[in-house]
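# Understanding the architecture of this molecule
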Amino acid sequence: MLFRYLFILLFLLPIKAFALIEVDITRGNLNPLPVAVSPLSIDNESKKNFKKILKKENLGSEISRIVENNLKQSGLFNPLDKEAFLQEPDIANLKPRFEDWNLIKAQALVTGKVTFIDEKLRVEFRLWDVLAGKEMMALAFTTVPSNWRRVGHIITDKVYERLTGEEGYFDTRIIYIAEEGPKTNRIKKLAIMDQDGFNNKFLTLGNELVLTPRFSPTNQMVTYLSYFRNLPRVYLLDIETGMQEVVGDFPGMTFAPRFSPDGKKIIMSFAKDGNSDIYTMDLENRIVERITNHPSIDTSPSYSPDGKRITFNSDRSGYQQIYVMDNNGKNVKRISFGNGLYGTPVWSPRGDLIAFTKLHKGKFYIGVMRTDGSGERLLTENFYQEAPSWSPNGRVLIFYRETKTNSKGEGFSAKLWSIDLTGYNEKMVKTETDASDPSWSSLLSN
Amino acid sequence: MNLSKILKNAFLIILASLVLTACATKKTSTTGQIQGDVYTGTDSIEYLASGVPDRVFFATNETVLTTASRETLRKQAGWLRKNSDINVVLEGHADERGTREYNLALGERRANSAKDYLMTYGISSDRISVLSYGKERPVDSGSSPLAWSKNRRSVTVKAN
């Protein structure tokens, strides 16, 4: 609902053709770009109004903090301490004194202004190249005040895009499973939050076991597994309306669902008489197609972004390995040949890589390989972790990890973690409760 | 596979510790045993009727029934024949050392191994339904070869 209210009203200036600062995101970035995010300036009248509506003392500072935090979390930028800033926000936004910003070693500067106009929140911001003394970008948005956090994320996306040349991933959400209670009787709820952990909401009450939610790559639909009435089935949920339905009419357990890249089909496993095979269901005409027909376990299917191929998990060689095939089930090829077991293959939104979970000698790894199985790279090793999900720009993976809560190996906690494709910038993603099975949404503003 | 080597070592360690604890307390009986990666103890087992255990155990990544499992299932089949009004759900489980989705399939396959065996002893498939929990409902929350062996199971539960 909220998303529809957000629209860009004004495009102040065209993006200049020369890019002087550039951030290389293809390597592990050990020298993040120093950037100054000035608090957005705000006039007293607007301040008063926003305080009344949003209970925020200074909305300009709040939004700039969102931008700052996002940039820091990306690992590519180093937001500088605001204490060191010499120029007032309102003047900086008009014309920065570049020598002042140069002095504190800022290479890029973000400035802006927040106003309350006709019950709406208007935000303008500018990105400056400090060394060249030039404006790189200027944009303005008008939206409902309650969207203020999203404004911070959209500004970050624009800054990230301008400086790295790649699409951002900040105006996004994560759907996941919130967990609590003992391992033998774990309570699991479907939950959703902004990419930075704010605006957390529980979507189910925890009365039935729920697992593996996945976002549609095109809209705000979610598919997941629910044990409603002790019948494990794949469900489709519209998170804007709360409407949900069972996917297909299968005489047994359906699981491991994912959307096709156009969002029109769900691909999943159906288990019957001890055998799991892969099926698709078209969400428009409800036609069910069988994709694999093999006495082994075939599960965890994931489409390539062009929809022409599918990667999946099968034990047809004796143990869990990763395979690829055409979208009609033809030309099945095994691609994982390293030591150990391989599971949960997920095709990158850029198309060139498949992320996976690997089990070897009692350890779990999150890794990536090319779609022909070459170039295997393990990004992180731990006692127990699995289920990577790609950021919409294919630069970051989010997954979950279980750790023991004390040194004797007793107790456990499950948390979401993110890691850059380069293997750097591994970070825990804060959640209110224990969490597992994360899935990243596409950009909301698209 | 290396896993079997690890498990063999773990088995020896557990055997050794059992001997030690047996010396210490003399009370420790046969609970907490694994043989060839399959749980052979009695901990966590419940009984459908006197002498009819409710569950069978599996080796890592395996779905084949052991000799002991077949014996348990023959007892269950006998009990089901005598109690023809009772229907059952076979709940299949996996240990935590696997990916969630694969384990759901594995649990389904384990429960079906048990179902197939009951059917060969004359129990109609109409009376048996199958439900996989994958690794979602361990009976032992520990992270040791012994805990995992107890969790790789198919449990026969009365449905009515």
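Residues numbered from 1 in each chain as written. Chains lettered and ligands numbered in written order. Predicted model: local features only at pLDDT ≥ 70, side-chain atom pairs only at ≥ 80, totals over all residues.

### Digging into the pairing of strand β25 (residues 363–370) of chain A
Residue and element names in this part refer to chain A. With respect to burial, β25 is a largely interior element, six of its eight residues being buried. In this sheet, β25 lies alongside strand β24 (residues 353–360) in antiparallel orientation, the contact comprising eight bridges. Within β25, the residue paired with His360 across the bridge is Lys363. As consecutive antiparallel partners, β24 and β25 are separated by two residues, and within that stretch Lys361 has a phi angle of approximately 50 degrees, a positive value. Where β25 lies against strand β26 (residues 377–382), five bridges are found, and the strand directions are antiparallel. Within β26, the residue paired with Val368 across the bridge is Arg377. Linkage of β25 to β26, two consecutive antiparallel strands, is achieved through a turn of six residues, within which Gly373 is found at a positive phi near 90 degrees. (Buried ≥ 20, exposed ≤ 12 C-beta atoms within 10 Å, placed from the backbone. Helix = DSSP H or I, 4+ residues; strand = E, 2+ residues; numbered from the N terminus. Pairing = 2+ DSSP bridges.)

### Things to note about the domain arrangement of chain A
Many descriptions give the size of an interface as the accessible area lost when the pieces come together. The domain architecture assigned to chain A consists of domain 1 (2–164) and domain 2 (173–440). On the side of domain 2 of chain A, eleven residues touch domain 1 of chain A, which itself brings nine residues to the contact. (Domains from an automatic or database assignment. Contact = placed C-beta atoms within 7 Å.)

### Considerations on the interface of chain B and chain A
Taken together, the contact pairs 24 residues of chain B with 33 residues of chain A. Looking at the side of chain B that touches chain A, the elements with two or more residues in it are α1 (2–25), α3 (100–120) and β7 (128–134) of chain B. Grouping the constituent residues of the side of chain B that touches chain A by class yields eight nonpolar, eight polar and eight charged. (Nonpolar A, V, L, I, M, F, W, Y, C, P; charged D, E, K, R; others polar.)

### Comments concerning the packing of helix α3 (residues 59–74) of chain A against helix α6 (residues 148–164) of chain A
All names here are of chain A. α6 packs onto α3 with a crossing angle of 45 degrees between their chain directions and a minimal axis gap of 9 Å. Viewed along their axes, α3 and α6 adopt a mutual orientation that is oblique. Seen along the crossing, α3 lies across α6 with a hand that is right-handed. Only Trp148, Arg149, Val151, Gly152, His153, Ile155, Thr156 and Tyr160 of α6 make contact with α3, whose side of the interface consists of Leu59, Ile63, Ile66, Val67, Asn70, Leu71 and Ser74. Taken together, the residues that form the contact of α3 with α6 break down as nine nonpolar, five polar and one charged. (Axes fitted to C-alpha atoms, helices over the stretch in contact; angles between N-to-C directions. Parallel < 35°, antiparallel > 145°, perpendicular 65-115°, else oblique. Left-handed = near helix turned anticlockwise from the far one by under 90°.)

### Thoughts on the sheet that holds strand β27 (residues 384–390) of chain A
Residue and element names in this part refer to chain A. Read from one edge of the open sheet, four strands run β27-β28-β29-β30, paired in antiparallel fashion. Looking at strand neighbours, the two that pair on one side only are β27 and β30 (427–429), the edges of this open sheet. Taking each pair of neighbouring strands and ignoring which way they run, the sheet shows an average axis angle of 35 degrees. As paired elements, strand β28 (residues 396–404) and strand β29 (residues 412–420) share nine bridges and run antiparallel to each other. The residue of β29 that forms the bridge with Leu397 is Ile419.

### Focus: the sheet that holds strand β12 (residues 221–226) of chain A
All names here are of chain A. Read across the open sheet, the four strands follow the order β11-β12-β13-β14; overall the sheet is antiparallel. At either margin of the open sheet sits one strand with a lone partner, and together these are β11 (210–215) and β14 (244–246). Taken over all neighbouring pairs, the strand axes of this sheet differ in orientation by 25 degrees on average, direction set aside. Across three bridges, the pairing between strand β13 (residues 233–238) and β14 is antiparallel. Among the inter-strand pairings, Tyr235 is bridged to a residue of β14, identified as Val246.

### With respect to the nonpolar core
Within the largest apolar cluster, 119 residues are counted, with the highest numbers of intra-cluster contacts made by Ile63(A), Ile354(A) and Ala355(A). For this core, the leading source of residues is α6(A), giving seven residues. Formed jointly, this core draws a minimum of three residues from each of two domains, domain 1 (2–164) and domain 2 (173–440) of chain A. In this structure, Ala355(A) is in contact with Val346(A), Ser348(A), Ile366(A), Val368(A), Pro388(A), Trp390(A) and Leu397(A), ignoring residues within four places of it in sequence. Core analysis: the second largest hydrophobic core is formed by 21 residues, Ile34(B), Leu90(B), Val130(B) and Leu131(B) among them. (Core = buried A, V, L, I, M, F, W, Y, C linked by C-beta atoms within 7 Å.)

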